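# Survey of secondary and tertiary structure
Here is how the chains run, residue by residue.
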Amino acid sequence: LECLAELKSWADAHGKVLYILANSGCLNWCSVQTYHDNLVSHEKDIDVESALDSLPLCRQIYRDRANWVRFLQNSWIRPEDIHHYRDIFGVVKLATRMHANPRMVIEAYCTGSFSGNLPDLFEPGHGPVFAPFVIDNSRFPADWFERTTGCGGKCRQCDYCRTVLGEILVEAWKIGRQPVVIR
């Protein structure tokens, strides 16, 4: 957040406003993200769903269960953590243009709470990728925000996200019960 505070100071000094996208399900540094974003922006002119299916890079990566931890290492923000950004960003953008249930997404971020499968809030929706498991948002540890915003992204030297995944990844029918550890 320190870097964001610096950006905020610069923006204020230059009459600018910062915006943030809270619920992007895209992989960090994805080579096809710009392509997909452009497809979505032209949805009225083309068959977006067919075009999006043509480059399912993230879907290919998530086929291997060993890569599931990468979902936790992306740049999304949980509804429970959005308040940490209130003083930095003038607007929080929610990706809902292609979402099947935009009201659910808006409600979760407006109330700062969501009880369910976390990927169901994001666009593109990755929930089915993890089936028959879900990422139970209510099981995130209390220190999630502090640990992941202060880690410096040194994922190869840390196993925190992998450990958390083992705690929050549960079989869909076991929501509300003890987690099933997946390694």
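Residues numbered from 1 in each chain as written. Predicted model: local features only at pLDDT ≥ 70, side-chain atom pairs only at ≥ 80, totals over all residues. Heavy atoms only, no water.

### Regarding the overall build of the chain
Check the secondary structure of the chain and you find eight helices and four strands. Along the chain direction, N to C, the helices and strands of the chain fall in the order α-β-α-α-α-α-β-α-β-α-α-β. Buried positions account for 39% of the 183 residues belonging to the chain. Look at the contacts in the chain between residues 6 or more apart in sequence, and 67% of them connect residues 24 or more apart. For the chain, the accessible surface area stands at approximately 11,000 Å², while carbon and sulfur atoms represent 52% of it. (Helix = DSSP H or I, 4+ residues; strand = E, 2+ residues; numbered from the N terminus. Buried < 20%, exposed > 50% of the residue type's maximum accessible area, 1.4 Å probe, protein only. Contact = heavy atoms within 4.5 Å. Areas by Shrake-Rupley, 256 points an atom, 1.4 Å probe, with all protein chains shown as cover.)

### Quick look at the pattern of salt bridges
Two side chains of opposite charge can pair, provided their charged atoms sit close to one another. For the structure shown, the criterion picks out five salt bridges. A salt bridge links Glu80 to Arg78; the nearest nitrogen and oxygen atoms lie 3.4 Å apart. Arg78 is the partner of Asp81 in a salt bridge, and the nearest nitrogen-oxygen pair spans 3.9 Å. By the burial criterion, Asp81 is buried, and Arg78 matches it. Put simply, Arg78, Glu80 and Asp81 are held in one network by salt bridges that share partners. (Salt bridge = Lys/Arg side-chain N within 4 Å of Asp/Glu carboxyl O.)

### Some thoughts on the packing of aromatic side chains
The tally for this structure, following the rule as stated, stands at 14 aromatic pairs. A ring pair is formed by Tyr85 and Phe89, whose centres lie 6.2 Å apart and whose planes are at 45°; its orientation type is tilted. For Tyr85, a relative accessible area of 8% translates into the label buried. Phe89 sits in the buried class, given a relative accessible area of 11%. Every member of this aromatic cluster is reached through a ring pair, and the members are Tyr62, Trp68, Phe71, Trp76, Phe122, Phe130, Phe133, Phe140, Trp144 and Tyr160. (Phe/Tyr/Trp six-rings, centres within 6.5 Å; stacked < 30°, edge-to-face > 60°.)

### Comments concerning helix H6 (residues 102-111)
Among the residues of H6, Val105, Ala108 and Tyr109 are the ones counted as buried. Angular distribution of buried residues about the axis of H6 spans 90°; they occupy a single face of the element. Seen from the open side of H6, the exposed residues pointing more than 90 degrees away from its buried face are Arg103, Glu107, Cys110 and Thr111. Phi turns positive, to about 70°, at Gly112, one or two residues after H6. (Arc of directions from axis to C-beta.)

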